[in-house]
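Here is how the chains run, residue by residue.
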Amino acid sequence: MASGFFAILDDIAALMDDVAMTSKLATKKTAGILGDDLAVNAEKATGFLASREIPVLWAITKGSFINKLIILPVVFVLNWLYPPAIKAALIIGGVYLAYEGVEKIIEYFFHRAKKSQEVIEESKLEEDDENSEKAKVSSAIKTDFILSLEIVIIALGTAMEKQHDLITQVISVSIVAIIATIGVYGIVALIVRMDDAGFYLMRKSDNKGFMSSFGETLIKALPLVIKGLAVLGTIALILVSGGIFIHNIEYIHHLIPHSIPSTIAEFGVGISFGLVAVFLMTGFKKMKGLVKK
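Note that the structure is predicted; figures quoted are calculated from it, not measured.

**A closer look at the overall build of the protein chain**
A count of helices and strands for the protein chain gives eleven helices and zero strands. Across the protein chain, helices and strands are ordered from the amino to the carboxyl terminus as α-α-α-α-α-α-α-α-α-α-α. In the protein chain, which comprises 293 residues, the share counted as buried stands at 37%. When the accessible surface of the protein chain is summed, it comes to about 17,500 Å², and 69% of that surface belongs to carbon and sulfur atoms.

The structure is reproduced here in structure tokens:
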């Protein structure tokens with residue numbers, strides 16, 4: 001009886017050891033995507049009233065958890081029934097990311113006047129407008145879904161490479177998914193509250209000494225960090241999409257010369273697909289407008 005109990009404990013210990021090792025390897029492989037995920041979602045989670053930042057971020061975080069609750073079982077079932085479906089879903093997601101990234105670049109360079117007018121008009125509205133807030137949260141959750149899908153698939157691929165059983169795969173991939181959500185949005189929460197931390201330090205130090213200067217630096221740095229994240233978020237969208245196409249479309253993978261650095265290749269491919277997607281979507285919108293008239 002006792003030997004059977006210890007045998008079960010030994011099996012559990014072996015399982016946990018496999019899970020820990022696989023989760024560690026999968027986290028390393030997805031580290032780059034987690035960095036992209038941080039940049040993209042930090043940019044999307046900013047730009048709200050201070051009183052709404054944490055509620056909005058919490059709404060996006062809950063959406064991210066729901067995304068993973070949907071993605072995890074679907075990915076495992078699809079991988080069991082029809083593995084090519086996962087690749088197809090990943091490529092479709094890549095097109096969405098490329099479109100969103102290139103659209104931002106086009107708006108910045110060619111529609112800045114129009115964008116400025118929209119910002120002026122928006123500023124005349126209530127800053128905590130419910131519809132605007134919901135739209136931004138919805139956009140952030142959609143982007144998170146695509147990035148989460150890639151994270152889960154890469155983590156699953158790592159577990160399968162080690163030829164682990166299904167239980168080990170499920171636990172390992174789930175751990176990576178949880179780390180991705182808590183880690184990314186935890187850091188985003190720290191970023192969006194930088195100014196509050198700065199004001200707190202200034203009050204505690206009576207606006208004197210190093211702590212007061214550090215607090216002032218945090219306050220001044222926040223707008224720069226947000227602007228920087230907006231740029232990094234756009235670049236991240238294009239890089240992630242480009243990586244999806246290169247690694248999942250064999251023709252493109254062989255088309256790219258090995259002499260070209262992977263980052264440049266991913267950016268170029270992402271831009272190319274994004275331009276095509278924007279062109280097609282613009283044409284579709286125009287045709288839709290003509291039909292309505």
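More follows now that the structure is in view.
**Thoughts on the nonpolar core**
Grouped together as the largest cluster of nonpolar side chains are 22 residues, with contacts concentrated most on Leu72, Val75, Leu97, Leu149, Val152, Ile153 and Val173. In terms of residue count, helix α6 (residues 130–161) provides more of this core than any other element does, eight residues in total. Contact partners of valine 75, with chain neighbours within four places excluded, come to Ile86, Leu149, Val152, Ile153 and Leu156. Core analysis: the second largest hydrophobic core is formed by nine residues, Val56, Val137, Ala140 and Val188 among them.

**A closer look at the environment of threonine 181**
Relative to the helices and strands, threonine 181 is located in helix α7 (residues 166–192). The exposure class assigned to threonine 181 is buried, which follows from its relative accessible area of 1%. Expressed as a C-alpha distance, the spacing of threonine 181 and threonine 61, which sit 120 residues apart in the sequence, is 7.0 Å. Ignoring any residue separated from it by four or fewer positions in sequence, one finds threonine 181 in contact with Thr61, Ser64, Phe65, Lys68 and Gly186.

**Structural notes on a nonpolar patch on the surface**
Residues Val77, Trp80, Leu81 and Tyr82 make up a contiguous nonpolar surface patch of roughly 510 Å² in combined accessible area. Relative to the helices and strands, tyrosine 82 is located in the loop between α3 (50–81) and α4 (84–110).

Rules behind the numbers
- Residues numbered from 1 in each chain as written.
- Predicted model: local features only at pLDDT ≥ 70, side-chain atom pairs only at ≥ 80, totals over all residues.
- Heavy atoms only, no water.
- Helix = DSSP H or I, 4+ residues; strand = E, 2+ residues; numbered from the N terminus.
- Buried < 20%, exposed > 50% of the residue type's maximum accessible area, 1.4 Å probe, protein only.
- Areas by Shrake-Rupley, 256 points an atom, 1.4 Å probe, with all protein chains shown as cover.
- Core = buried A, V, L, I, M, F, W, Y, C linked by side-chain atoms within 4.5 Å.
- Contact = heavy atoms within 4.5 Å.
- Patch = residues over 30% accessible without salt bridge, like charges linked within 9 Å, V, L, I, M, F, W, Y side chains within 5 Å.
- Salt bridge = Lys/Arg side-chain N within 4 Å of Asp/Glu carboxyl O.

By themselves, these are just geometric observations and shouldn't be taken as functional.
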